[in-house]
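The residues making up each chain are set out below.
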Amino acid sequence: NDKPPMLLLVLLVLLSTAISDVHTLTVGKPVVVHSSGYTHTWFSRLHPTGLHSASGAHVILELNLGGDGKHCPPPGHPQNCSLMFSSVDSGASWKLQAPNWTPEIIIPSKTQPGLMAGLEYTVTPVGPKNLTAFCAGWTFQDTGDGSIKRLSEYKVHFSGFPSPLSLIVTRGSALWLDDNTLITTMYGRRHRDPFKTQTDHVTYYVTSKDFGKTWQYLSNVSWTPADGKLHVDGPAEPDSVMLDNGELMTIIRIGSFRNFLQVWSKDGGKTWYRQRLMDCCWAVFPQVRKLPSGRLVLAGGRPGLFVWLSEDKTGDKWTRLNWAELHNTEMVTQPSLQYSAEVWNITHSAQPRGVPPETTSYFGAMVLPGADSDVLLSYDRLANGWDGPPGKWGKEDNVFVTKLSL
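These lines cover the structure that appears in this document, whether it is placed above or below. Just so it is clear, the model here is predicted, and its values are computed rather than measured.

1. What to know about the overall build of the protein chain
- Each helix and strand in the protein chain was counted, giving two helices and 28 strands.
- In the protein chain, the proportion of contacts linking residues at least 24 apart, taken out of those at least 6 apart, comes to 55%.
- With an accessible surface of roughly 16,300 Å², the protein chain has 54% of that area assigned to carbon and sulfur atoms.

See below:
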(Lines give C-alpha, C1' and ligand atoms only; values in the text may rest on other atoms or scores of the structure.)
Protein backbone atom coordinates (compact mmCIF):
# COMPACT_ATOMS: atom_id res chain seq x y z
CA ASN A 1 0.00 0.00 0.00
CA ASP A 2 1.50 3.36 -1.03
CA LYS A 3 -0.76 5.51 1.16
CA PRO A 4 1.26 8.50 2.45
CA PRO A 5 1.99 8.63 6.20
CA MET A 6 -0.06 11.82 6.52
CA LEU A 7 -3.63 11.91 5.30
CA LEU A 8 -5.33 15.18 4.39
CA LEU A 9 -8.95 14.86 5.37
CA VAL A 10 -11.72 17.20 4.33
CA LEU A 11 -14.57 16.37 6.65
CA LEU A 12 -18.17 17.44 6.90
CA VAL A 13 -18.55 17.57 10.67
CA LEU A 14 -21.98 17.32 12.26
CA LEU A 15 -23.06 19.46 15.17
CA SER A 16 -26.13 17.69 16.60
CA THR A 17 -28.11 17.13 13.39
CA ALA A 18 -27.04 20.25 11.51
CA ILE A 19 -24.19 20.36 9.01
CA SER A 20 -21.38 22.63 10.13
CA ASP A 21 -18.62 24.29 8.15
CA VAL A 22 -16.15 22.18 6.20
CA HIS A 23 -12.91 21.75 8.17
CA THR A 24 -9.59 20.76 6.67
CA LEU A 25 -7.65 18.57 9.09
CA THR A 26 -4.33 16.79 8.97
CA VAL A 27 -4.05 13.65 11.06
CA GLY A 28 -0.63 12.09 11.59
CA LYS A 29 -0.01 8.36 11.57
CA PRO A 30 -0.32 7.06 15.14
CA VAL A 31 2.94 6.12 16.89
CA VAL A 32 2.88 3.14 19.27
CA VAL A 33 4.61 4.44 22.41
CA HIS A 34 4.21 1.27 24.47
CA SER A 35 2.58 -2.13 24.11
CA SER A 36 2.30 -5.14 26.40
CA GLY A 37 1.00 -8.67 26.09
CA TYR A 38 1.01 -9.42 29.80
CA THR A 39 -0.14 -6.31 31.65
CA HIS A 40 -2.41 -3.33 31.15
CA THR A 41 -1.18 -0.41 29.06
CA TRP A 42 -3.70 2.37 29.47
CA PHE A 43 -4.76 5.71 31.06
CA SER A 44 -2.16 7.92 29.36
CA ARG A 45 -1.44 11.64 29.98
CA LEU A 46 0.60 14.19 28.02
CA HIS A 47 2.54 17.16 29.43
CA PRO A 48 4.75 19.87 27.88
CA THR A 49 8.11 20.33 29.62
CA GLY A 50 8.52 23.95 28.56
CA LEU A 51 11.47 23.27 26.25
CA HIS A 52 11.49 23.43 22.46
CA SER A 53 14.43 22.53 20.22
CA ALA A 54 15.10 22.37 16.49
CA SER A 55 13.62 18.87 16.36
CA GLY A 56 10.38 19.94 18.01
CA ALA A 57 8.59 20.37 21.32
CA HIS A 58 9.73 18.43 24.38
CA VAL A 59 6.91 16.29 25.77
CA ILE A 60 6.32 13.87 28.66
CA LEU A 61 3.90 10.94 28.35
CA GLU A 62 2.80 8.92 31.37
CA LEU A 63 0.77 5.72 31.30
CA ASN A 64 -0.44 3.14 33.78
CA LEU A 65 0.34 -0.58 33.78
CA GLY A 66 -2.21 -1.44 36.46
CA GLY A 67 -4.62 0.29 38.75
CA ASP A 68 -8.37 0.74 38.51
CA GLY A 69 -8.75 -2.25 40.79
CA LYS A 70 -6.10 -4.39 39.04
CA HIS A 71 -2.90 -5.72 40.62
CA CYS A 72 0.33 -4.08 39.53
CA PRO A 73 3.02 -5.01 38.91
CA PRO A 74 1.94 -8.41 37.60
CA PRO A 75 3.51 -11.43 39.33
CA GLY A 76 6.98 -12.19 38.03
CA HIS A 77 7.44 -8.81 36.33
CA PRO A 78 9.40 -6.32 38.48
CA GLN A 79 8.04 -3.19 36.87
CA ASN A 80 6.56 -0.02 38.19
CA CYS A 81 2.81 0.50 38.01
CA SER A 82 3.39 3.53 35.80
CA LEU A 83 5.83 4.45 33.05
CA MET A 84 7.17 7.82 31.94
CA PHE A 85 8.40 8.52 28.42
CA SER A 86 9.91 11.67 26.94
CA SER A 87 10.06 13.05 23.41
CA VAL A 88 12.20 15.85 21.97
CA ASP A 89 10.55 15.83 18.52
CA SER A 90 6.89 16.66 19.21
CA GLY A 91 5.95 13.03 19.80
CA ALA A 92 7.49 11.41 16.72
CA SER A 93 9.76 9.21 18.90
CA TRP A 94 9.89 8.34 22.59
CA LYS A 95 12.47 7.44 25.23
CA LEU A 96 11.61 5.45 28.36
CA GLN A 97 12.60 7.23 31.56
CA ALA A 98 13.84 5.58 34.76
CA PRO A 99 11.83 7.33 37.50
CA ASN A 100 9.59 5.36 39.84
CA TRP A 101 7.46 8.46 40.32
CA THR A 102 4.78 9.62 37.92
CA PRO A 103 2.96 12.82 38.91
CA GLU A 104 -0.69 13.21 38.06
CA ILE A 105 -0.36 16.96 37.50
CA ILE A 106 2.80 18.46 35.97
CA ILE A 107 3.35 22.23 36.15
CA PRO A 108 5.94 23.82 33.82
CA SER A 109 7.72 26.80 35.36
CA LYS A 110 6.59 30.18 34.08
CA THR A 111 10.15 31.60 34.14
CA GLN A 112 12.59 28.66 33.82
CA PRO A 113 11.99 26.50 30.72
CA GLY A 114 12.41 22.80 31.44
CA LEU A 115 11.79 23.14 35.20
CA MET A 116 8.61 21.44 36.40
CA ALA A 117 6.73 20.68 39.60
CA GLY A 118 4.55 17.61 40.02
CA LEU A 119 1.67 16.54 42.27
CA GLU A 120 0.89 12.95 43.25
CA TYR A 121 -2.55 11.58 42.36
CA THR A 122 -3.54 10.30 45.80
CA VAL A 123 -4.16 12.92 48.51
CA THR A 124 -4.41 12.05 52.20
CA PRO A 125 -6.85 14.03 54.42
CA VAL A 126 -5.42 14.89 57.85
CA GLY A 127 -6.31 16.82 60.99
CA PRO A 128 -9.03 16.36 63.59
CA LYS A 129 -11.77 17.31 61.14
CA ASN A 130 -10.10 16.30 57.86
CA LEU A 131 -10.11 19.90 56.66
CA THR A 132 -6.50 19.72 55.40
CA ALA A 133 -4.63 17.22 53.25
CA PHE A 134 -1.24 16.38 51.79
CA CYS A 135 0.35 14.48 48.92
CA ALA A 136 3.83 13.88 47.54
CA GLY A 137 5.36 16.55 45.32
CA TRP A 138 8.48 16.82 43.20
CA THR A 139 10.53 19.27 41.20
CA PHE A 140 12.27 17.90 38.13
CA GLN A 141 14.15 19.09 35.08
CA ASP A 142 14.10 18.40 31.37
CA THR A 143 17.86 18.25 30.76
CA GLY A 144 17.42 19.04 27.07
CA ASP A 145 18.66 15.70 25.75
CA GLY A 146 15.49 13.70 26.35
CA SER A 147 16.20 12.89 30.00
CA ILE A 148 14.03 13.88 32.95
CA LYS A 149 15.98 14.44 36.19
CA ARG A 150 14.34 14.61 39.61
CA LEU A 151 15.64 17.51 41.71
CA SER A 152 13.68 17.27 44.98
CA GLU A 153 10.80 15.57 46.76
CA TYR A 154 8.60 17.17 49.40
CA LYS A 155 5.19 17.11 51.00
CA VAL A 156 2.49 19.23 49.33
CA HIS A 157 -0.08 20.76 51.69
CA PHE A 158 -3.73 21.62 50.97
CA SER A 159 -5.81 23.64 53.42
CA GLY A 160 -8.95 25.73 53.88
CA PHE A 161 -11.57 23.16 52.91
CA PRO A 162 -15.00 24.11 54.30
CA SER A 163 -16.13 20.56 55.13
CA PRO A 164 -14.44 17.25 56.04
CA LEU A 165 -12.70 15.34 53.25
CA SER A 166 -12.75 11.61 52.61
CA LEU A 167 -11.41 10.12 49.38
CA ILE A 168 -9.72 12.88 47.35
CA VAL A 169 -7.29 13.01 44.40
CA THR A 170 -5.60 15.59 42.17
CA ARG A 171 -6.80 15.76 38.57
CA GLY A 172 -6.85 18.42 35.86
CA SER A 173 -4.73 21.16 34.31
CA ALA A 174 -2.68 23.60 36.38
CA LEU A 175 -3.12 27.10 34.93
CA TRP A 176 -1.05 30.22 35.54
CA LEU A 177 -3.16 33.28 36.30
CA ASP A 178 -2.06 36.85 35.49
CA ASP A 179 -0.88 37.49 39.06
CA ASN A 180 1.46 34.43 38.96
CA THR A 181 -0.97 32.38 41.02
CA LEU A 182 -1.58 28.76 40.01
CA ILE A 183 -5.06 27.27 39.95
CA THR A 184 -5.84 23.57 39.59
CA THR A 185 -8.54 21.06 40.47
CA MET A 186 -9.12 18.07 42.72
CA TYR A 187 -12.12 15.87 43.27
CA GLY A 188 -13.43 13.54 45.93
CA ARG A 189 -16.03 12.97 48.58
CA ARG A 190 -16.86 15.19 51.50
CA HIS A 191 -17.72 12.48 54.03
CA ARG A 192 -16.55 9.01 55.00
CA ASP A 193 -19.13 6.85 53.26
CA PRO A 194 -18.66 3.58 51.36
CA PHE A 195 -17.40 4.15 47.82
CA LYS A 196 -20.41 2.82 45.98
CA THR A 197 -23.03 4.62 48.06
CA GLN A 198 -21.52 8.08 48.37
CA THR A 199 -23.57 10.75 46.61
CA ASP A 200 -21.77 13.87 47.82
CA HIS A 201 -19.06 14.01 45.17
CA VAL A 202 -17.36 17.39 44.67
CA THR A 203 -14.88 19.06 42.31
CA TYR A 204 -12.59 21.43 44.23
CA TYR A 205 -10.56 24.41 43.01
CA VAL A 206 -7.32 25.26 44.82
CA THR A 207 -4.68 27.96 44.28
CA SER A 208 -0.95 28.20 44.96
CA LYS A 209 1.50 31.11 45.11
CA ASP A 210 4.69 29.04 45.68
CA PHE A 211 4.96 26.87 42.55
CA GLY A 212 2.66 24.18 43.87
CA LYS A 213 4.10 23.46 47.32
CA THR A 214 1.07 24.75 49.27
CA TRP A 215 -2.50 25.10 48.05
CA GLN A 216 -5.50 26.94 49.45
CA TYR A 217 -9.14 26.01 48.86
CA LEU A 218 -10.89 28.49 46.54
CA SER A 219 -14.29 27.07 45.57
CA ASN A 220 -16.12 23.92 44.52
CA VAL A 221 -18.64 22.63 42.02
CA SER A 222 -21.09 20.07 43.35
CA TRP A 223 -24.17 18.34 42.03
CA THR A 224 -27.56 20.03 41.95
CA PRO A 225 -30.94 18.27 41.68
CA ALA A 226 -31.62 20.18 38.46
CA ASP A 227 -28.78 18.26 36.81
CA GLY A 228 -30.68 15.00 37.13
CA LYS A 229 -29.83 11.70 38.81
CA LEU A 230 -26.29 11.63 40.21
CA HIS A 231 -23.82 8.95 39.14
CA VAL A 232 -21.35 7.51 41.64
CA ASP A 233 -18.42 8.73 39.50
CA GLY A 234 -19.23 12.41 39.42
CA PRO A 235 -18.71 15.28 39.43
CA ALA A 236 -15.15 14.06 38.84
CA GLU A 237 -12.10 14.24 36.54
CA PRO A 238 -12.34 18.00 35.91
CA ASP A 239 -10.24 19.82 33.33
CA SER A 240 -10.07 23.60 32.88
CA VAL A 241 -9.01 26.22 30.37
CA MET A 242 -8.82 30.01 30.42
CA LEU A 243 -10.88 31.42 27.55
CA ASP A 244 -9.90 34.41 25.43
CA ASN A 245 -12.67 36.44 27.08
CA GLY A 246 -11.00 35.95 30.48
CA GLU A 247 -13.47 33.40 31.77
CA LEU A 248 -12.40 30.11 33.36
CA MET A 249 -14.24 27.12 31.89
CA THR A 250 -14.21 23.61 33.33
CA ILE A 251 -15.55 20.39 31.83
CA ILE A 252 -16.33 17.61 34.30
CA ARG A 253 -17.15 13.90 34.13
CA ILE A 254 -20.37 12.84 35.83
CA GLY A 255 -20.21 9.14 34.96
CA SER A 256 -19.70 6.65 32.15
CA PHE A 257 -22.22 6.95 29.29
CA ARG A 258 -23.24 10.39 30.56
CA ASN A 259 -22.77 13.80 28.96
CA PHE A 260 -20.18 16.12 30.49
CA LEU A 261 -20.97 18.87 32.98
CA GLN A 262 -19.68 22.32 31.93
CA VAL A 263 -19.23 25.38 34.16
CA TRP A 264 -17.96 28.96 33.67
CA SER A 265 -16.48 31.53 36.05
CA LYS A 266 -15.94 35.26 35.47
CA ASP A 267 -13.73 35.77 38.53
CA GLY A 268 -10.96 33.20 38.20
CA GLY A 269 -12.85 30.33 39.84
CA LYS A 270 -14.12 32.10 42.97
CA THR A 271 -17.74 31.76 41.86
CA TRP A 272 -19.51 29.95 39.02
CA TYR A 273 -22.22 31.84 37.19
CA ARG A 274 -23.27 29.21 34.65
CA GLN A 275 -23.60 25.41 34.71
CA ARG A 276 -25.05 23.02 32.14
CA LEU A 277 -25.02 19.45 30.90
CA MET A 278 -23.45 19.40 27.43
CA ASP A 279 -25.78 18.01 24.79
CA CYS A 280 -22.92 17.17 22.44
CA CYS A 281 -20.06 15.64 24.37
CA TRP A 282 -19.45 12.78 26.80
CA ALA A 283 -18.30 10.91 29.14
CA VAL A 284 -14.92 10.27 30.94
CA PHE A 285 -11.66 12.17 31.59
CA PRO A 286 -12.35 15.28 29.49
CA GLN A 287 -9.22 16.90 28.05
CA VAL A 288 -9.92 20.50 26.98
CA ARG A 289 -7.23 22.67 25.39
CA LYS A 290 -7.10 26.16 23.88
CA LEU A 291 -5.23 26.85 20.65
CA PRO A 292 -3.36 30.15 20.18
CA SER A 293 -6.28 31.28 18.01
CA GLY A 294 -8.68 30.85 20.95
CA ARG A 295 -10.41 27.84 19.39
CA LEU A 296 -11.03 24.93 21.76
CA VAL A 297 -10.35 21.21 21.43
CA LEU A 298 -12.02 18.63 23.69
CA ALA A 299 -11.20 14.90 23.77
CA GLY A 300 -13.21 12.18 25.48
CA GLY A 301 -15.68 9.37 24.98
CA ARG A 302 -17.10 6.18 26.48
CA PRO A 303 -18.58 4.84 24.48
CA GLY A 304 -16.27 5.54 21.55
CA LEU A 305 -13.31 7.89 21.06
CA PHE A 306 -14.12 11.46 20.04
CA VAL A 307 -12.59 14.88 19.58
CA TRP A 308 -14.84 17.94 19.59
CA LEU A 309 -13.95 21.40 18.23
CA SER A 310 -15.34 24.75 19.36
CA GLU A 311 -14.88 27.58 16.88
CA ASP A 312 -16.78 30.15 18.96
CA LYS A 313 -13.94 30.34 21.55
CA THR A 314 -16.45 30.16 24.41
CA GLY A 315 -17.27 26.44 24.45
CA ASP A 316 -20.95 26.97 23.66
CA LYS A 317 -21.02 25.12 20.34
CA TRP A 318 -19.03 22.03 19.38
CA THR A 319 -18.50 19.92 16.27
CA ARG A 320 -17.63 16.24 16.56
CA LEU A 321 -14.84 14.14 15.04
CA ASN A 322 -15.00 10.35 15.30
CA TRP A 323 -11.43 9.69 16.40
CA ALA A 324 -11.67 5.90 16.08
CA GLU A 325 -12.56 6.29 12.40
CA LEU A 326 -9.67 8.69 11.82
CA HIS A 327 -7.31 6.30 13.61
CA ASN A 328 -8.48 3.38 11.47
CA THR A 329 -7.91 5.36 8.28
CA GLU A 330 -4.30 5.97 9.27
CA MET A 331 -3.76 2.35 10.37
CA VAL A 332 -5.19 0.70 7.26
CA THR A 333 -1.93 -1.21 6.71
CA GLN A 334 -2.02 -2.52 10.31
CA PRO A 335 -5.53 -3.97 10.75
CA SER A 336 -4.58 -5.62 14.06
CA LEU A 337 -4.24 -2.10 15.52
CA GLN A 338 -7.55 -0.80 14.19
CA TYR A 339 -10.72 -0.41 16.26
CA SER A 340 -13.81 -2.54 15.63
CA ALA A 341 -17.29 -1.21 14.95
CA GLU A 342 -17.88 -1.52 18.72
CA VAL A 343 -15.79 1.66 19.00
CA TRP A 344 -16.16 3.58 15.75
CA ASN A 345 -19.88 2.93 15.16
CA ILE A 346 -20.99 5.16 18.05
CA THR A 347 -23.32 8.13 17.67
CA HIS A 348 -24.48 8.99 21.22
CA SER A 349 -23.52 8.53 24.86
CA ALA A 350 -26.17 5.95 25.76
CA GLN A 351 -24.97 3.28 23.31
CA PRO A 352 -23.42 0.19 24.91
CA ARG A 353 -19.72 -0.36 24.33
CA GLY A 354 -18.13 -3.63 23.30
CA VAL A 355 -17.62 -6.57 25.66
CA PRO A 356 -14.86 -6.57 26.72
CA PRO A 357 -14.21 -2.85 26.18
CA GLU A 358 -11.69 -2.10 23.42
CA THR A 359 -10.54 1.19 24.95
CA THR A 360 -10.72 3.09 28.23
CA SER A 361 -11.73 6.17 26.17
CA TYR A 362 -9.14 8.17 28.16
CA PHE A 363 -7.10 10.66 26.13
CA GLY A 364 -4.03 12.67 26.94
CA ALA A 365 -3.90 16.02 25.11
CA MET A 366 -1.64 19.03 24.78
CA VAL A 367 -1.19 21.93 22.38
CA LEU A 368 2.25 21.73 20.78
CA PRO A 369 4.30 24.84 21.63
CA GLY A 370 5.49 26.83 18.65
CA ALA A 371 2.58 25.72 16.46
CA ASP A 372 -0.63 27.63 15.84
CA SER A 373 -2.96 24.69 15.43
CA ASP A 374 -1.25 21.40 16.37
CA VAL A 375 -2.63 19.19 19.15
CA LEU A 376 -0.89 16.03 20.35
CA LEU A 377 -3.23 13.23 21.47
CA SER A 378 -2.58 9.96 23.29
CA TYR A 379 -5.09 7.14 23.70
CA ASP A 380 -5.25 3.36 24.11
CA ARG A 381 -6.47 0.19 22.48
CA LEU A 382 -7.16 -2.76 24.81
CA ALA A 383 -6.89 -6.43 23.92
CA ASN A 384 -9.19 -7.70 26.65
CA GLY A 385 -10.77 -4.78 28.46
CA TRP A 386 -10.24 -4.54 32.22
CA ASP A 387 -9.03 -8.18 32.40
CA GLY A 388 -5.79 -7.43 30.58
CA PRO A 389 -4.15 -8.89 27.47
CA PRO A 390 -4.34 -11.10 25.51
CA GLY A 391 -7.97 -11.38 24.53
CA LYS A 392 -10.78 -10.92 22.04
CA TRP A 393 -9.31 -7.77 20.48
CA GLY A 394 -5.71 -8.93 20.11
CA LYS A 395 -2.51 -10.04 21.80
CA GLU A 396 -1.46 -6.71 23.32
CA ASP A 397 -2.64 -3.47 24.86
CA ASN A 398 -1.27 -0.39 23.07
CA VAL A 399 -0.91 3.31 23.79
CA PHE A 400 -0.72 5.57 20.72
CA VAL A 401 0.29 9.19 20.15
CA THR A 402 -0.58 11.20 17.07
CA LYS A 403 -0.81 14.81 15.96
CA LEU A 404 -3.97 16.61 14.90
CA SER A 405 -3.44 19.79 12.88
CA LEU A 406 -6.43 22.09 12.53
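2. Focus: the state of the cysteines
- Tallying each qualifying case throughout the model produces one disulfide.
- Disulfide pairing places Cys280 opposite Cys281 at an S-S distance of 2.3 Å. Where Cys280 bonds to Cys281 through sulfur, the torsion about that S-S bond is close to -85 degrees, and the disulfide is left-handed.
- Judged by relative accessible area, which is 11%, Cys280 ranks as buried.

3. Notes on helix H1 (residues 323-330)
- Counting buried positions along H1 gives six out of eight residues, so the element sits mostly inside the fold.
- Among all positions in H1, only Trp323, Ala324, Leu326, His327, Asn328 and Glu330 are buried.
- Where H1 starts, the residue carrying a side-chain oxygen 3.3 Å from the main-chain nitrogen of Ala324 turns out to be Asn322.

4. What about the sheet that holds strand E19 (residues 248-253)?
- Strand order across the open sheet formed by four strands is E18-E19-E20-E21, with antiparallel pairing between neighbours. Looking along the sheet, the strands with just one partner apiece sit at the ends: strand E18 (236-242) and strand E21 (274-282). Neighbour to neighbour, the strand axes of the sheet diverge by 25 degrees on average, direction disregarded.
- As judged from the five bridges shared by strand E20 (residues 259-265) and E21, these two strands associate in the antiparallel manner. Following the sheet pairing, Leu261 is matched in E21 by Leu277.

Definitions and limits used
- Residues numbered from 1 in each chain as written.
- Predicted model: local features only at pLDDT ≥ 70, side-chain atom pairs only at ≥ 80, totals over all residues.
- Heavy atoms only, no water.
- Helix = DSSP H or I, 4+ residues; strand = E, 2+ residues; numbered from the N terminus.
- Contact = heavy atoms within 4.5 Å.
- Areas by Shrake-Rupley, 256 points an atom, 1.4 Å probe, with all protein chains shown as cover.
- Disulfide = S-S within 2.5 Å.
- Buried < 20%, exposed > 50% of the residue type's maximum accessible area, 1.4 Å probe, protein only.
- Polar contact = N/O pair within 3.5 Å; in protein donor to acceptor, adjacent residues only side chain to side chain.
- Pairing = 2+ DSSP bridges.
- Axes fitted to C-alpha atoms, helices over the stretch in contact; angles between N-to-C directions.

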